[in-house]
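Coordinate inspection notes
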Amino acid sequence: MHAMLIRNISLPDGRRGQDLLVQDGRIAAIGPNLAAPEGAEIVDGQGWLLAPPFVDAHFHMDATLSYGLPRVNASGTLLEGIALWGELKPQLTQEALVERALAYCDWAVAKGLLAIRSHVDVCDPRLLAVEALLHVRERVKPYLDLQLVAFPQDGVLRAPGALDNLKRALDLGVDVVGGIPHFERTMQDGATSVRLLCELAAERGLMVDMHCDESDDPLSRHVETLAFETQRLGLQGRVTGSHLTSMHSMDNYYVSKLLPLMKEAGVAAIANPLINITLQGRHDTYPKRRGMTRVPEMLAHGIDVAFGHDCVMDPWYSLGSGDMLEVAHMGLHVAQMTSQAAMRQCFDAVTRNPACVLGLDGYGLAPGCHADLVLLQARDPIEAIRLRAQRLRVYRRGRLLAQAAPSESTLHLPGRPAATGFLKS
Ligand SMILES: [Zn+2]
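A brief look at the structure comes next. Please read all numbers here as calculations on a predicted model, not as lab measurements.

The next subject is the overall build of the protein. Of regular secondary structure, the protein possesses 14 helices and 16 strands. Relative to the compact-globule value of 22 Å for 425 residues, the protein shows a C-alpha radius of gyration of 22 Å, a close match. Along the first, second and third principal axes, the C-alpha set of the protein runs to 65 × 50 × 45 Å. For the protein, contacts bridging at least 24 residues in sequence account for 74% of all contacts bridging at least 6. Accessible area of the protein: about 17300 Å², with a carbon and sulfur share of 53%. Charge-centre separation for the protein: the mean point of 41 positive side chains lies 3 Å from the mean point of 48 negative side chains.

A word on the coordination of the zinc ion. Around the zinc ion, the protein contributes the donor atoms His58 (NE2), His60 (NE2), His211 (NE2) and Asp310 (OD), at 2.1 to 2.6 Å from the metal centre. One can describe the site at the zinc ion as irregular: its 4 donor atoms subtend angles covering 84 to 179 degrees at the metal. When the donors of the zinc ion are listed by position in the chain, the intervening gaps give H-x1-H-x150-H-x98-D. With His58 in strand S6 (residues 54–59) and His211 in strand S10 (residues 207–212), this residue pair connects regions lying 153 residues apart in the sequence. Comparing His58 with His211, the two get one shared label, buried.

Membership of the largest hydrophobic core comes to 106 residues, with the highest contact counts inside it found for Met247, Met262 and Leu376. Discounting residues that sit within four places of it in the chain, Leu376 has contacts with Trp48, Leu49, Ala51, Phe54, Leu325, Phe347, Ala384, Ala389, Gln390, Arg391 and Leu392. If you look at the next biggest cluster of nonpolar residues, it comprises 17 residues, including Met4, Ile6, Ile30 and Tyr395.

Right, let's talk about the pattern of salt bridges for a bit. For the structure shown, the criterion picks out 21 salt bridges. Between Glu87 and Arg71 there is a salt bridge, and its shortest N-O distance comes to 2.8 Å. Of the two residues, Glu87 sits in helix H1 (residues 78–88) while Arg71 sits in the loop between S6 and H1, which places them 16 residues apart along the sequence. With relative accessibility at 32%, the residue Glu87 sits in the partly exposed group. For Arg71, a relative accessible area of 34% corresponds to the partly exposed category. Here Arg126 makes a salt bridge to Asp124, at a shortest N to O gap of 2.9 Å.

Turning to the side chain of Arg294, a few remarks are in order. By secondary structure assignment, the location of Arg294 is in the loop between helix H9 (273–279) and helix H10 (295–300). One buried charged side chain, Arg294, makes no salt bridge at all; its nearest oppositely charged neighbour is Glu297, positioned 5.9 Å away. Reaching out from Arg294, the side chain makes a polar contact with the backbone oxygen of Met250 at a distance of 2.7 Å. Side-chain polar atoms of Arg294 contact the side chain of Asn252, separated by 2.8 Å. Once residues lying within four places of it in the same chain are set aside, the contact partners of Arg294 are Met247, His248, Met250, Asp251, Asn252 and Val255.

The rules behind these values
Each chain carries its own residue numbering, running from 1 in the direction its sequence is written. Only residues with pLDDT of at least 70 are given local features in this predicted model, and only at 80 or more are side-chain atom pairs given and counted; all residues enter the totals for whole chains, interfaces and linings. Side-chain metrics in this entry use all non-hydrogen atoms of the structure; hydrogen atoms and water are not considered. Strands are runs of DSSP state E lasting at least two residues, helices are runs of H or I lasting at least four, and both sets are numbered from the N terminus onward. For the radius of gyration, the atom set is restricted to C-alpha positions; the globular benchmark scales as 2.2 Å times the number of residues to the power 0.38. Two residues form a contact once any of their heavy atoms are found within 4.5 Å. All accessible-area figures derive from a Shrake-Rupley calculation using a 1.4 Å probe, and residue coverage is judged against the displayed protein chains alone. The charge count treats Lys and Arg as positive and Asp and Glu as negative. His and the chain ends do not count. Note on charges: their place is set at NZ of Lys, CZ of Arg, CG of Asp or CD of Glu. Counted as donors are the N, O and S atoms within 2.8 Å of the metal, or 3.2 Å for Na, K and Ca, while water is not among the atoms, so some sites may look incomplete. Metal sites are grouped by the angles between bound donors: all angles between 85 and 135 degrees with four donors is tetrahedral, opposite donors over 155 degrees apart with the others between 65 and 115 is square planar for four donors and octahedral for six, and any other pattern is irregular. Only protein chains enter the accessibility calculation, which uses a 1.4 Å probe; a residue is then buried when its area is under 20% of its type maximum, exposed when over 50%, and partly exposed in between. Remark: nonpolar core denotes a set of buried residues (Ala, Val, Leu, Ile, Met, Phe, Trp, Tyr, Cys) joined through side-chain atoms within 4.5 Å. When a carboxyl oxygen of Asp or Glu lies within 4 Å of a side-chain nitrogen of Lys or Arg, that pair is called a salt bridge. Under this definition, polar contacts are N or O atom pairs within 3.5 Å; protein pairs additionally need one hydrogen-donor-capable and one acceptor-capable atom, and for neighbouring residues in sequence, both atoms have to be side-chain atoms.

Dropping the structure here:
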């Protein structure tokens, strides 16, 4: 029986000076001055923030770390990104894809990111990326939860054979039904795709996560159909709309009706701040729209909202490092979520909210939960976002997966202290 006592930690809810006891991979107790069981490993938390691990609810692992293959996206636009992915797809091999995905999972673990929902393109009839990522899902299982979405990038109705490929991907064990209604040929086809994909999910008892209304067109309203079908088919709590950027541009009166419908249907929302702020509003001159969906308004309506990373070093985005605190930092700025409460909500949007979207079992900081933990070099969630804090220790089921030395610079300035001290609070 393995026991570990982490002493003197701060918690995301503001409690300080706490201890956390781990026994057999689960949290056994949290409180001040806990007694250490005999033989327990003792870790000094030094007052740092102990949080549950980061969760990325929206990612594309089949494309990640392909930056520069076969060439870079020179314009940095969505359209060149899609064209580039089209050039890359025929050149993909399973070995290279597995290698890149595993490398990204290593980055993720080092950043305390231990659960990822990745879309996987099912439009290639070879299903090469599907097979590769199913393999990766098994390989990383001991340390990272990888959930896969069958994503028809070129449109489930628009691309020949896409529906059959998507069903085959589900047969192979892909977890979630995806879609891209705004990319179908017409609004009507988009709505039809939402209906038939939700029916497929209901038949198979699966969750749904669609790229939905990733557009600046205020009349792209597939989220309304998504909420309606969720309600009609009894899929409440199992359906997510990803991106929803058109809501940024929608008429306010229409949105005042839409938000309660989404809440009633239990549809969750995922914003991807890094990608939305770079790819949306590109047809605008000035004023230029931000394009991210209405995060604070949804939260105020009780809708579950998560922030996703979406892309890291792929045809659409040349940057990123698997750091969900960078994602939270951008989301906070784009949505102007600068109140104390809203900044803490941004931390939740990369931890417990996406855990809820993925339906992770045993996630959280309470006795009985898995001992999946990240010790951050910050005192509270706001400071963690401000500093994109160092991940001092990353645990899964009580086992140490990664560690890093505290970050501090040594200064050589006459008359000044030797260390920056900017982390002290
Ligand atoms: Zn995406």
